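Here are the chains, one letter per residue:
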Amino acid sequence: MELTNKIIAVTGGARGLGFAMAQRLGKAGARLALLDLDADNLDSAVGKLSSSGIDARPFVVNVTDEASVTQAFADIRDQMGAVSGLVNNAGITKDALLIKAKDGEVQKRMTLDAWKSVIDVNLTGAFICGREAATQMIEADQEGVIINISSISCAGNMGQSNYSAAKAALNALTVTWAKELARYGIRTGSVAPGFINTEMTAAMRPEILENIASGVPLKRLGEADNIAQSVEFILTNDYFSGRVIECDGGLRL
Ligand code: NAP
């Protein structure tokens, strides 16, 4: 897909990896619909993009709320036109071991709330937004691309039952939608980032970060633009569909 003037929606686009995607895709000529929870964060992101000449508009949305997503996509279509691309990037973590026990005594368990909220944002949110974007692409009779942001944790990671399950399921959605939607001219792809320099990782203790970096074959964390580059590749390569790009410096969990 040629990106010039195409409307690309990015969930969780106000900061972190989503914002880096908006910057890269905007520089390549796309027009960005940023969907995120917080209006102030969105306004600040749109302001930064606009000052570098990128056409970006803010849409406040909670991806777990069907009515909110439906309204946001209707607003995008009315204000900008039908979307040609969607990046399901909004995600959260609520890490905990399934069970923490000592001397035969169970001390802690992952709560059902931690399970449900991570599945809701990372997986159900992608389902609702993906369904809305595909509807819009088909009704506008235009080609489209849907990208799911997975994670290296999709292989299964200690303390991340909820997040690993959601990210593995996203990769299954990518394959399923590639098969179901190709007949309408819609391609799909996943990007599974490893450890990337973002606010999330910056909040970790330096010794933990050093430990993580030393385990990566490339011996460093990735940059947000490395992930944005993978997203741009999927959007622009017309023979790519249904597969996962693992962008992780060579690390396997
Ligand atoms: P981030 O900095 O925490 O940004 C996530 C954005 O999503 C935030 O703006 C957040 O809004 C928004 N969001 C959260 N819940 C939402 C909801 N229900 N509806 C709409 N927006 C919502 O995350 P990131 O590090 O850039 O990660 C982006 C994606 O990459 C995630 O899917 C994450 O799992 C994946 N990933 C990241 C890394 C990494 O190293 N950073 C590695 C592997 C995979 P608020 O700030 O207002 O909550």
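Our subject is the structure listed above.
Residues numbered from 1 in each chain as written. Predicted model: local features only at pLDDT ≥ 70, side-chain atom pairs only at ≥ 80, totals over all residues. Heavy atoms only, no water.

**A few points about the overall build of the chain**
Scanning the chain for helices and strands turns up eight helices and nine strands. Against the 2.2 N^0.38 benchmark of 18 Å for 253 residues, the chain shows a C-alpha radius of gyration of 18 Å, consistent with a compact globule. When its C-alpha atoms are laid out on the principal axes, the chain stretches across 60 × 40 × 35 Å. Sorting the 253 residues of the chain into buried and exposed places 49% on the buried side. A separation threshold of at least 6 residues defines the contact pool for the chain, and within that pool the share at least 24 residues apart is 73%. Surface summary for the chain: the accessible area is close to 12300 Å², and the carbon and sulfur share equals 51%. (Helix = DSSP H or I, 4+ residues; strand = E, 2+ residues; numbered from the N terminus. Rg over C-alpha atoms; globule rule 2.2 N^0.38 Å. Buried < 20%, exposed > 50% of the residue type's maximum accessible area, 1.4 Å probe, protein only. Contact = heavy atoms within 4.5 Å. Areas by Shrake-Rupley, 256 points an atom, 1.4 Å probe, with all protein chains shown as cover.)

**Comments concerning the packing of aromatic side chains**
Evaluation of the coordinates by the stated rule reveals one aromatic pair. An angle of 80 degrees between the planes, with centres 5.9 Å apart, marks the rings of F233 and F240 as edge-to-face. Residue classification places F233 among the partly exposed residues on the basis of a relative accessible area of 39%. (Phe/Tyr/Trp six-rings, centres within 6.5 Å; stacked < 30°, edge-to-face > 60°.)

**Some details on the site of the ligand**
In the neighbourhood of the ligand, 24 residues make up the surrounding shell, with R15, L17, D36, N89 and Y163 lying closest. The contact in question runs from an oxygen atom of the ligand to an N or O atom on the side chain of D36, over 2.8 Å. Between the ligand and the protein, one listed contact pairs an oxygen atom with a side-chain N or O atom of Y163 at 2.5 Å. The protein chains hide 89% of the 890 Å² of surface that the ligand would expose on its own. Spatially, the ligand is embedded in the largest pocket. Contributing elements (two or more residues each) for the shell around the ligand: α1 (16-27) and α5 (161-181). (Near = heavy atom within 4 Å. Polar contact = N/O pair within 3.5 Å; in protein donor to acceptor, adjacent residues only side chain to side chain. 1 Å grid on protein atoms, 1.4 Å probe; cavity = no way out; pocket = protein on both sides within 12 Å on 5 of 7 lines; lining within 4 Å. Sits in = over half its atoms within 2 Å of the grid points.)

**Observations regarding the pattern of salt bridges**
Per the counting criterion, the structure on display carries ten salt bridges. Linking E232 and R24 is a salt bridge whose minimum nitrogen-to-oxygen distance equals 2.6 Å. Placement of E232 in helix α8 (residues 224-236) and of R24 in helix α1 is noted, with a sequence separation of 208 residues between them. The class of E232 is buried, set by a relative accessible area of 17%. (Salt bridge = Lys/Arg side-chain N within 4 Å of Asp/Glu carboxyl O.)

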